[in-house]
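The primary structure of each chain is shown beneath.
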Amino acid sequence: MKNIVQFKRVTKEFVNQEVKVKVLKGIDFDIKEGEILLVIGSSGAGKSTILNILGGLDTPTDGEVIVENQNISNYKEKQLSEFRAKKVGIIFQSYNLIPNLTALENVIFGSEVKTGTLDAREILGKVGLGDKCDKFPATLSGGEQQRVAIARAVAKNPLMILCDEPTGALDYETSKAALKLLEDLNKELNKTIILVTHNLALSPMADRILTVKSGKVESIEANTTKKSVAELEW
Amino acid sequence: MNLLRKLIRDIIKSKGQFITITLVVVLGALFYSGLSSASVLLDDYTKEYYDEYNLADIWMYYSNITEEDTKGLDTLEGIQDYELRFTYQSRTDEKTLKIHSFAEDAKINKLHLIEGELPVNPFEIALDYEFVLANGISLGDELKYKVDGIEVSYKVTAFIENPEYVTKIPEDGNNFPEHDRYGIGYVNYSTIPELSVITGISVEYDEILFKADTDTDLNDLISSIEKEIGRSNDGYLFGYTKNLYPGYSMLQGDIEQFKNLSYVFPVIFFLVAALMTYIAMKRIIDTQRKQIGIMKALGVKKGRITRHYLGFSIIPCVFGAAVGGIIGSVLLPDVLLDVYSETYDLPGIHTRVIWSLVIPVILIAVLLGMIAAYLSCRKILNERAAASMRPRLPKAGKRILLERSKGLWGRLSGKTKIVLRNIFCNKRRALMSCVGVMGSVALMITGFAMNDSTKALIDRTYDEIYQYDGIVNFSYFTSEKGKVKFTDPYSVANPEGIETSYVSTLGFEIKDDEKTTFGSIVALQDNHDFYRIIDSEANELAVPNDGFIVSQRLSDLYDLAVGDDIKVKLTDSIYGGETISGKVKAISEQYLSQEIYCTPDFLENMDLELKPLTMYIKVSSDITLNDIKDFYDDVPEVDSVISKAEQKSSVENYTKSMAALVGMMIIGAMLLSFAVIYNISVINIMERSSTLATMKVLGFGRKEVASVFEIENLLLTVLGVIGGVPLGLLLMKAVFDTSATDDMSFPYVVKISSIVISCALAFGYTILSDIPVRRKIKKVNMTESLKETE
Ligand SMILES: Nc1ncnc2c1ncn2[C@@H]1O[C@H](COP(=O)(O)OP(=O)(O)OP(=O)(O)O)[C@@H](O)[C@H]1O
Ligand SMILES: [Mg+2]
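Residues numbered from 1 in each chain as written. Chains lettered and ligands numbered in written order. Predicted model: local features only at pLDDT ≥ 70, side-chain atom pairs only at ≥ 80, totals over all residues. Heavy atoms only, no water.

Moving on: the interface of chain A and chain B. Between chain A and chain B, the residue contacts involve 28 residues of the former and 29 residues of the latter. Contact between chain A and chain B buries roughly 2600 Å² in total, counting both sides, with carbon and sulfur atoms accounting for 61%. Remark: the boundary between chain A and chain B carries 2 salt bridges. A salt bridge links A:E105 to B:R421, with the shortest nitrogen-to-oxygen separation between them at 2.6 Å. There are 8 residue pairs in polar contact (both at pLDDT 80 or more) connecting chain A and chain B. Those elements that place two or more of their residues in the side of chain A that touches chain B are α2 (77-87) and α3 (103-111) of chain A. Broken down by element, the residue count for the side of chain A that touches chain B peaks at 4 residues, all from α2(A). (Contact = heavy atoms within 4.5 Å. Buried area = accessible area lost by both parts, 1.4 Å probe. Salt bridge = Lys/Arg side-chain N within 4 Å of Asp/Glu carboxyl O. Polar contact = N/O pair within 3.5 Å; in protein donor to acceptor, adjacent residues only side chain to side chain. Helix = DSSP H or I, 4+ residues; strand = E, 2+ residues; numbered from the N terminus.)

This brings us to the packing of α3(A) against helix α5 (residues 142-155) of chain A. Helix-helix packing is characterised by the crossing angle of the two axes and by the distance between the axes. All names here are of chain A. The geometry of α3 relative to α5 is characterised by a closest axis approach of 8 Å and an angle of 30 degrees between their N-to-C directions. The angle between α3 and α5 places the two elements in the roughly parallel class. In this structure, the crossing between α3 and α5 has a hand that is right-handed. Across the interface between the two elements, A103, N106, V107, G110 and S111 from α3 touch V148, A151, R152 and A155 from α5. The residue makeup of the contact of α3 with α5, split by class, is 5 nonpolar, 3 polar and 1 charged. (Axes fitted to C-alpha atoms, helices over the stretch in contact; angles between N-to-C directions. Parallel < 35°, antiparallel > 145°, perpendicular 65-115°, else oblique. Left-handed = near helix turned anticlockwise from the far one by under 90°. Nonpolar A, V, L, I, M, F, W, Y, C, P; charged D, E, K, R; others polar.)

Our next topic: the site of ligand 1. Taken together, 15 residues surround ligand 1, and among them A:S43, A:K47, A:S48, A:T49 and A:H198 come closest. More than one chain lines the surroundings of ligand 1; the residues nearby belong to chains A and B. In this structure, an oxygen atom belonging to ligand 1 sits 2.5 Å away from a side-chain N or O atom of A:S43. In the environment of ligand 1, an oxygen atom lies 3.5 Å from a nitrogen or oxygen atom belonging to the side chain of A:E165. (Near = heavy atom within 4 Å.)

If you look at the biggest cluster of nonpolar residues, it comprises 126 residues, and the most contacted ones within it are B:L524, B:Y531 and B:Y616. Broken down by element, the residue count for this core peaks at 16 residues, all from helix α6 (residues 246-287) of chain B. What B:L524 contacts, discounting residues up to four positions off in sequence, is B:V503, B:Y531, B:I533, B:V543, B:Y597, B:C598, B:T599, B:P600 and B:Y616. Counting residues in hydrophobic clusters, the runner-up holds 39 residues, among them A:L38, A:A153, A:A206 and A:L232. (Core = buried A, V, L, I, M, F, W, Y, C linked by side-chain atoms within 4.5 Å. Buried < 20%, exposed > 50% of the residue type's maximum accessible area, 1.4 Å probe, protein only.)

Quick look at the environment of A:Q93 now. Residue and element names in this part refer to chain A. Along the chain, Q93 falls in the loop between β6 (88-91) and α3. Separated by 103 residues in the primary sequence, Q93 and V196 have C-alpha atoms spaced 10 Å apart. Each residue touching Q93, except ones within four places of it in the same chain, is listed here: Q146, D164, E165, G168 and A169.

On to the sheet that holds β6(A). Paired through their backbone hydrogen bonds, the strands of a sheet run either parallel or antiparallel. All names here are of chain A. Ordered in space as β6-β7-β8-β3-β9-β10, the 6 strands form an open sheet in which the pairing is mixed. Looking at the sheet topology across the chains shown, the edges are occupied by β6 and β10 (216-222). Averaged over all neighbouring strand pairs, the angle between strand axes comes to 15 degrees, with direction disregarded. Across 4 bridges, strand β3 (residues 36-40) lies against strand β8 (residues 192-196) in parallel orientation. For I36, the partnering residue across the bridge sits in β8 and is I193. Strands β6 and β7 (160-164) of the sheet are contacted by α2, whose axis makes an angle of about 85 degrees with β6. (Pairing = 2+ DSSP bridges.)

In the structure shown here, the tally under the stated rule is 33 salt bridges over all chains. Put simply, A:D184 and A:K180 hold a salt bridge, and the shortest N to O gap is 3.1 Å. Residue A:D184 and its partner A:K180 are both found in helix α6 (residues 172-189); the two are separated by 4 residues, about one turn of the helix. Classification of A:D184 as partly exposed rests on a relative accessible area of 23%. For B:E710, the salt bridge goes to B:R774, with nearest N and O atoms at 3.1 Å. Of this pair, B:E710 sits in helix α20 (residues 702-739) while B:R774 sits in helix α21 (residues 752-779); the two residues are 64 residues apart in sequence, bridging distant segments of the chain. B:E710 gets classed as buried once you look at its relative accessible area, which sits at 15%. One network of salt bridges, with partners in common, ties together B:D128, B:E161, B:K168 and B:D345.

All names here are of chain B. According to the domain assignment, chain B consists of domain 1 (1-60 + 71-79 + 216-392), domain 2 (87-202), domain 3 (403-466 + 646-790) and domain 4 (476-636). Taken over C-alpha atoms, the centre of domain 1 sits 24 Å from the centre of domain 3. The interface is formed by 45 residues belonging to domain 1 together with 44 residues belonging to domain 3. Note on domain 1 versus domain 3: buried area summed over both sides is about 4000 Å², and carbon and sulfur give 72% of it. Joining domain 1 to domain 3, the criterion identifies 0 salt bridges. In this assembly, domain 1 and domain 3 are joined by 0 residue pairs in polar contact (both at pLDDT 80 or more). When contributions to the side of domain 1 that touches domain 3 are tallied by element, the ones reaching two or more residues are α2 (15-52), α6, α7 (289-297) and α8 (302-340). (Domains from an automatic or database assignment.)

Residue and element names in this part refer to chain B. All told, the structure shown has 30 aromatic pairs over all chains when counted by the stated rule. Between the aromatic rings of Y129 and F159, the centroid separation amounts to 5.7 Å while the plane-to-plane angle is 40 degrees, which identifies the pairing as tilted. Of this pair, Y129 sits in helix α3 (residues 129-135) while F159 is found in strand β8 (residues 150-161), placing the two residues 30 residues apart along the sequence. Judged by relative accessible area, which is 5%, F159 ranks as buried. An aromatic cluster is built from Y462, Y466, Y468, Y531, Y597 and Y616, whose rings are joined through pairwise contacts. (Phe/Tyr/Trp six-rings, centres within 6.5 Å; stacked < 30°, edge-to-face > 60°.)

In structure tokens:
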């Protein structure tokens, strides 16, 4: 499988009130096309920071991030937003739907930035919201909203889907359904999925697991005993 | 939890908004306090000035009168004081000094000494300060002036001003001061006998000043004085009450107009400011729903939360009102008085902070701010904590009208849908923003219209109503070596090449329980070549033979309709206070004075003796106005010849002080509008910062993100402008109606270009306001703004 992303000696410093905090201290890893990569680590380890840099939401202080042979680490703002539009779908713990658009419209809206997108209604059907297309986010439950957010990321048909604790606010059943959705997507469309989580019980669903500790990569391991989400319990 | 600290942090966080709200309040307070201070200042000043120097209530002129003649006055009711004086003119070739004698113990029209010492010896003179300044005169200078052709030399010992000459209009010229060639002087009475020896003029008094007891009807008093030493005495010429005395009445008219303007306009300013505060507060509180919910969940008492948010609006209101109020009351009157001082001489007037005006402004601002804040957080506070922690629901299921058309709606881009729903799902909020824009546009239109209307009233008066080329004013009487002869205008020979029309003008007074209006009855031959009377539709009206045409304003003020009887009292002393009445035959459009028209026959049938002291002239091509002026130069019966152009420019001059005021209002309206529109933009973007961050995350470019806000602001502006134009026209009418005075009423005129400029400015401001939107979009930190769910 080919590498679509390479992190090379990526560091990140935040400057807060003249105090420099080094959050990432030289991160090296790569992401293979079509894999599910699980990112784990304790709170404050730097997982979200890695994901934000990968998603083009933030830039590294030093080092290189190569996505499909392009070094995005020194992209200008305009190129970055182009990158976000074309290459990534992002799902956060907070769903970040546009309150004034219906579920369907939110999904379509997310795809307006790019061509070669999937049918919004069909994807919403897949996440089990076929009958709620015309509802506004505020009238949907948290799980439903998260599924809309997932559908939005998926329908765009990006190179990779980044999830930062997507199930953090969901109950067990809903979490499972949401993860199942991502898994199906990975299987059916061969989408690359990067999943940040605290839940170690999810490890079996991943192809590889990246462990981050205090801004460094502690380990990156292949999972030899892959299980489907349906088989997992926690 | 320390709420004060939260308050301060909140304020710092939304400082942009805080600044704009404060700015709006500052502007509102600035204009409110500035204009009302100026008006109060002028009012107070003139009252004090008149009081301190004891302005006369009545002036009466005689060809000569002795102290013996006035004995009878001592028994008359209503007279507090009277003084006799001597008045004559001294000239050089270019300059004229009107000179009064004064007694050292004078009690009426006392001199306000500016520099030097009041004259004690003969031929020492006190000069009006404006004349001194315009002519570069120093104390101790010797002036050589002629009296009746004989040169006399004066020594300047004092510079003075006098309340009877707050404006010094030359008697032989246009209607505005010309300080370089016309001044007022006062000499000690001891000068008169010596002057008489040199020049042969009479040593007798020719003027009496009266101070009436308070609450005396001046017109009644003048009649009774006339009975005593007036009409039977051959030397009596005429008398004025101060209401007709030019210096006094002009200034009072101006002050009145000023007063009217100074409250209508600023009140609107203030209301717009209050509305803005409300909108802004509402949005701040809406974005803090969750925090309010949390505070409530934590058990913070409702009262404390309310106080917390009241603090939010009270701070900018107090601060803004105080700063605006104080700056306004120092700065604006200064500028306005400067303009006023071109026409009026008000020695020693200076601006000061009028706390009795500023403090109420602050209190009103605080009250409005508190009401705004209270109204805006009342609803949330009464919700359950759980409900307010949840973000507000967009009214679910309630779709906008446009969505009915599935085909069209489906084709719109998501951006457009966001914009449309933003506006139409929050109709009330959109409406308030619109009202802000509407108010701004309306204010600007009104300001510009004021300017247009002033110009139009002059143009209409001089181009449509007055058809003559000039007027010849005859003197009421001529005197030769002390012998007075009343003028018979018909006996005065006129030059070849002019058409003439003699006009009699009779002063009148009309009053009801609340008010009194002065005007003149103009007895016109039905001669349209000289004077066209028009109605509100600009149709020409014929002068009736059996009644009067009255002005629109008189008809409004005294509820007179066509067919009613109108009753007026004649104020010219020769008519002895007679009251006449007649039918109102038509209502005419007039802007500059309150005139009643009728034919001379109609008046003569009432047994009134007419004195046509004005003659309209039309000039044929063989002769110029200058020739005509030269012709009459040596005719003693002719007082002055004034061309229509001169009349027009003098009125234009007269409206200068108003123009300054209007200019200031236009600037104010423009600034306020900018603050309002800017604020609306800033609020909009603040409120939608999560949408903004989400769009950025989704990969929308900066321009596309910005366009969502820009289109929304633009649409609101379009709606605001559409509503603002009719509102502006209504406001214009209201402002014009309230600011009309007897001297000037404003036609409802606004140029298309003024409307276009006002609208264009609103759009311009909206586009300008997009700059902070862009900046904010650039600055927004996606990772941070997505962390918080609010
Ligand atoms: N904008 C910022 N300014 C300063 N420090 C920051 C900023 N964002 C993150 N940090 C710091 O960087 C470190 C890593 O943050 P990050 O959000 O990547 O952690 P994480 O691994 O995602 O933690 P969690 O599992 O709790 O989400 C933290 O110590 C955090 O305090
Ligand atoms: Mg994190």
